[in-house]
Structures are given as structure tokens and as C-alpha cells.
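What follows is each chain in one-letter form.
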Amino acid sequence: SNNRLKHLPALSKEIHRKLSSMNVSHNLLVDFPFELENLSHLDLSSNQFEEFPSTLMRCLALKVLLFEDNRLKEIPPDLSQLHKLKGSSSSLSLPF
């Protein structure tokens, strides 16, 4: 977090398989290019996302997604696997 990243670096196959939590908040990210099979907690807060990354819909273990303070207008309605979604913003409408 707080690294002013515009892009995330490539991840090895082992990291893809084992990574369960990731905090990349307070950067300049506009995309999340990974489908991480065991990712359960992800903090993408305070970045530059204008659209919800479609790859997150395929992170089936994801239970906690922190997404506040981005440029999103809406979040897809089919996020039923999440136990916690935090995406507060004055212009963001949540599907539930």
C-alpha cells in the first residue's frame, strides 16, 4: 500500500495458488489483472478504478473486498460470495 503503483507486477504460479490476502490500497491502479483462486481478502481502496474489474468476479474465494475511494459509479450485483463489501463513496451505488 502507498507505493503509487500504476500497474501490479506479474505473479508467479506459486503465488497465484497460495496468495490469500492482498493490500494494494492507496496507489494509482486502474485494473486488477489477476484471477487468484485462494484470495479471500482484497483491499483496493484509494486507487483510480473507474470500472469494476471483471477478474474479481472469478476470484471465487473472495469474502472481503474493500473498494472505497475509487471512481466507480456502480458495483455488479452478483457478488453474493462476499461477506463484507466496503465501497462507500458519494457517487457509488451498491447492488444490495
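Fair warning: this is a prediction, and the values are worked out from it, not measured in the lab. (Residues numbered from 1 in each chain as written. Predicted model: local features only at pLDDT ≥ 70, side-chain atom pairs only at ≥ 80, totals over all residues. Heavy atoms only, no water.)

A. Spatial organisation of the environment of L56. Relative to the elements of secondary structure, L56 occurs in the loop between β2 (41-43) and β3 (64-66). Considered as a pair, L56 and L42 are 14 residues apart in the sequence and their alpha carbons are 9.6 Å apart. (Helix = DSSP H or I, 4+ residues; strand = E, 2+ residues; numbered from the N terminus.)

B. Quick peek at unusual backbone geometry. With a phi angle near 55°, S46 is a residue other than glycine that sits in the positive phi range. With respect to the element layout, S46 can be found in the loop between β2 and β3. Note on S46: relative accessible area 15%, which makes it buried. With phi around 60°, D69 is a residue other than glycine that occupies positive phi space. Along the chain, D69 falls in the loop between β3 and β4 (84-86). Overall, D69 belongs to the partly exposed group, its relative accessible area being 48%. (Buried < 20%, exposed > 50% of the residue type's maximum accessible area, 1.4 Å probe, protein only.)

It is worth stressing that arrangement in space is one thing and function is another; only the former is reported here.
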